[in-house]
Every structure is written in C-alpha cells, then in structure tokens.
Amino acid sequence: MLKDGHGRIVNYLRISLTERCNFRCQYCMPEKPFSWVPKENLLSFEELFKFVKVAIDEGITKIRLTGGEPTLRADLDKFIKMICDYKPSIDLAMTTNGYLLSEIAKDLKKAGLKRLNISLDSLNPKIAKLIAGKDVLENVLKGIEASLAVGLKVKLNMVPLLGVNDREIVDILEFAKERGVQVRFIEYMENVHAHSNLKGMNGREILERIKEKYEIEKIGRKGSSPAFLYKLKGSDYIFGLIDPHKHDFCESCNRIRLTAEGYLIPCLYFDEAMSIKEAVKQGEIDKAVEILKEVLANKPKENRWGYATSNRAFYETGG
Ligand code: SAM
Ligand code: SF4
C-alpha cells in the first residue's frame, strides 16, 4: 500500500500521455507552446508500462490516461490492453476532448477501457470554436455518441467561464441528463498559461444558474473523488461540482501524477516534481519505486488555488 507523508493512502495514478493537443482551449493552451517536448524525450508505452506494473504491485488500483490529448498517441489501444491484461480488475479511465473518439471508441472499448470523461464546454458551434480555437463541436458530439454506442461509461466535463459559456450550464446539464450521463462542472483554475482575460465561475455561482430552473439536493462526496455530488429534486439525475478553490477535498486526496516525460507530480498545483525517466530507461525499476515513495512523502497537504495562480500547465499535468 502506498501512503503519503500525511498518512493518506495513494491508490490513483493519473498519466499524461502527451502534452500535445489538437485544441487550443483558452483556459489551458490558448497558444501553441514555444516548443513541444521532442517525441524521443517521452517515455514509450513499453517504458510507461514497466512503471505502471510496479505501481500496480505497490497498490495503485485506479489509473486515468489524460494529456494534452491522449488520443493523439498512436497505439493507445495497445497500451490500454497491456494494462488491462496485467490487471483485469484495474479501474482504467481516460479524459479526452472527444474530437477523435468516433474513429477509435470501438478499439478502446475492445482493449479494455471502461470509462471516459469527455470535455464539452458548449453546445453552440461558435462558442465551442471560440473556446477550443477551432471548429470542434460536430466531431465531439459524434465522439460522445460513438462512445455511448460501444458501451463506454461516459461523464462530461464542463469548465464554465463568465461571458463565454456561462449561459449554457443548464443546456449541458440537460444534454447529459437526456443521455443518462453525469456531468462534472469544474471551476476554472487560474494558471499562467491560460488566456489572461478569462473569468471563471465559483461553485456557488454555477449552482445558482442551475437553481434558476431546478431544485437541487446535496448528496456529498463519494470516496476520494474531488467532485461534490448533487441530485435534481424529483429525479434520479446526479451531477458533480469540482471546486478546488475550497480545497476541502485535499484531505482525502489519493492521487499522484506522471507526465509524458516521466515526471512524478504530487499535486496539480505545485511546481515540485521528480523524474523517473532515467531509472525506467536504465531498467532500474526499484529506483523508480524509491522515487515514487519520496515524491509521496513530500506530497503537499493541500492545493493553493484558493489564493494564488499556478505555474503548472494543465496540458502537461493532465488536469
Ligand atoms: N485534452 C483532454 C480534455 O480536454 O479533456 C484531457 C486533458 S485536459 C487538461 C483535462 C481536463 O482539464 C479537461 O476536462 C479540461 O476541461 C480541464 N481543464 C484544463 N484546464 C483547466 C483549467 N484552467 N481549469 C479547470 N479545468 C481545466
Ligand atoms: Fe487540449 Fe484538453 Fe487542454 Fe483543451 S483542455 S487545450 S483539449 S489538453
């Protein structure tokens, strides 16, 4: 079992498979970075898998693939299959912008993927384009339908932004409800890479928009999830709110992040990171486990979104 320096059990590994992305979301990567990490500097799927195996042996039971845009990595389905064959009971999920899903959802499902979070910030093609930097809505919607059709369990992620998509909170909720999928409203997290003019909405403001049309009931948090769950009164429909500015979910944080370049990051907010790349490349897997334990020992108690702006790029860490 893996524990951090505050006694929290860590059983959840989030792997960013690439920092590259086919979108330029205003809140994440409004401009193409000055340079991408060269492909030869990334850990290959074989190298990543070496680490994933020991991480599972040490107590990781849940893995999320993210990015950047994870669907840009070739042979993604083969990597998923490697993990699922090694540990069939692993809770393996992926977060994606959905743009390429209609082409690959079937292969991902066949490889063993069970759950997907798909980002959907707007149902209006012009607003979706404004946020993502290109015309994306049609493909994203096709990707959502294709994923549902092959039996993947889908959740939707929306980041509400004042004056941009804030009038669509209820539309996205209803779109999700009609398809029997949960939506997670995520507070915009300030970071130096985002477009400087953005104004996010806090959890209370997001709920106010929903309350204009629906009565809602509090459910609470499930396990270590950062999402606080709510239910629409008089129906079974559940949605979640992720409000890191309160950082009250940090006390049950169970996660650690690995970047495509091999950096282990103990908290999405903080700059601290240690690389397992050389250890993995040299086949010194015990050394990689030692580094993992050192990073966990130094995991901060809570994030700082309540009072500062992060230097971390979401497209590197995977959000
Ligand atoms: N490209 C994939 C996607 O967009 O779903 C996966 C990576 S993305 C970094 C993961 C999640 O982080 C997405 O749901 C995205 O909306 C969210 N995200 C990115 N930047 C954010 C920010 N500044 N504040 C809040 N959420 C953010
Ligand atoms: Fe790409 Fe996802 Fe970041 Fe948007 S949020 S730029 S889709 S990594």
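Described in the following lines is the structure provided in the data block. All of these numbers come straight from a predicted model, not from anything done at the bench. (Residues numbered from 1 in each chain as written. Chains lettered and ligands numbered in written order. Predicted model: local features only at pLDDT ≥ 70, side-chain atom pairs only at ≥ 80, totals over all residues. Heavy atoms only, no water.)

Moving on, we get to the site of ligand 1. Around ligand 1 there are 19 residues in total, and Y27, G68, E69, S119 and M189 lie nearest to it. T96 places a main-chain nitrogen or oxygen 3.1 Å from an oxygen atom of ligand 1. Contact between ligand 1 and M189: a nitrogen atom at 2.8 Å from a main-chain N or O atom of the residue. (Near = heavy atom within 4 Å. Polar contact = N/O pair within 3.5 Å; in protein donor to acceptor, adjacent residues only side chain to side chain.)

With that settled, the discussion passes to the pattern of salt bridges. What the rule picks out here adds up to 15 salt bridges. Ionic pairing is found between R209 and D166, a salt bridge with its closest N-O pair at 2.9 Å. Of the two residues, R209 is situated in helix α7 (residues 203-211) and D166 in the loop between β5 (153-158) and α6 (169-178); the sequence distance between them amounts to 43 residues. Note on accessibility: R209 and D166 belong to one class, buried. E212 serves as the salt-bridge partner of R209, at 4.0 Å between the closest nitrogen and oxygen. By relative accessible area, which is 57% here, E212 ends up exposed. One continuous salt-bridge network, built from bridges that share partners, spans D166, R167, R209 and E212. (Salt bridge = Lys/Arg side-chain N within 4 Å of Asp/Glu carboxyl O. Helix = DSSP H or I, 4+ residues; strand = E, 2+ residues; numbered from the N terminus. Buried < 20%, exposed > 50% of the residue type's maximum accessible area, 1.4 Å probe, protein only.)

Below, the discussion takes up unusual backbone geometry. Located in the positive-phi region is D75, a residue other than glycine, with phi close to 65°. Topologically, D75 is positioned in the loop between β2 (62-66) and α2 (76-86).

A few words on α6. With seven of ten residues buried, α6 lies mostly within the body of the structure. Taken as a whole, α6 has its buried residues at I169, V170, I172, L173, E174, F175 and A176. The inward-facing, buried residues of α6 contact α5 (137-149), β5, β6 (182-186), α7, β8 (227-232) and β9 (238-242). Taken from the residues just after α6, G180 is the one with a positive phi, measuring 65°. (Contact = heavy atoms within 4.5 Å.)

What follows deals with helix α1 (residues 45-58). For an α-helix, the turn length of 3.6 residues means that residues three or four places apart are oriented alike. Relative to the 20 Å expected for 14 residues at 1.5 Å per residue, α1 spans 20 Å between its end C-alpha atoms, a close match to the ideal helical length. Along α1, the residues classified as buried are F45, E47, L48, F49, F51, V52, V54, A55 and I56. (Expected span 1.5 Å × (residues − 1).)

Turning our attention to the pairing of β8. Looking along a regular strand, one sees the side chains alternate between the two faces of the sheet. As defined by bridge partners, strand β7 (residues 216-221) adjoins β8 across five bridges and the pair is classed as antiparallel. The residue bridging R221 from the neighbouring strand is F228, located in β8. Here β7 folds back onto β8, and the loop between the two strands holds five residues, one of which, G223, carries a positive phi near 60°. Note: β8 against β9, five bridges, orientation antiparallel. Counted as the bridge partner of Y230 is F239 from β9. The antiparallel hairpin formed by β8 and β9 contains five residues in its connecting segment, where G234 sits at a positive phi of about 80°. (Pairing = 2+ DSSP bridges.)

Before going further, it helps to spend a moment on the sheet that holds β6. Ordered in space as β7-β8-β9-β6-β5-β4-β3-β2-β1-β10-β11-β12, the twelve strands form an open sheet in which the pairing is mixed. At either margin of the open sheet sits one strand with a lone partner, and together these are β7 and β12 (274-275). Looking at chain direction, strand β3 (residues 91-96) and strand β4 (residues 115-119) are connected through four bridges and run parallel. The residue bridging M94 from the neighbouring strand is L116, located in β4. Sheet contacts for α1: β1 (12-16), β2, β10 (255-258) and β11 (263-265); angle to β1, the most-contacted strand, approximately 170°. Along the sheet face, α5 touches β4 and β5 and points at about 165° away from the line of β4. (Axes fitted to C-alpha atoms, helices over the stretch in contact; angles between N-to-C directions.)

Bringing the site of ligand 2 into the picture now. In the region of ligand 2, the neighbouring residues are C21, F23, C25, Y27, C28, M29, G68 and N97. Partitioned by chemical class, the residues of the shell around ligand 2 number six nonpolar, two polar and no charged. (Nonpolar A, V, L, I, M, F, W, Y, C, P; charged D, E, K, R; others polar.)

The quantities given are spatial measurements derived from coordinates; they are silent on function.
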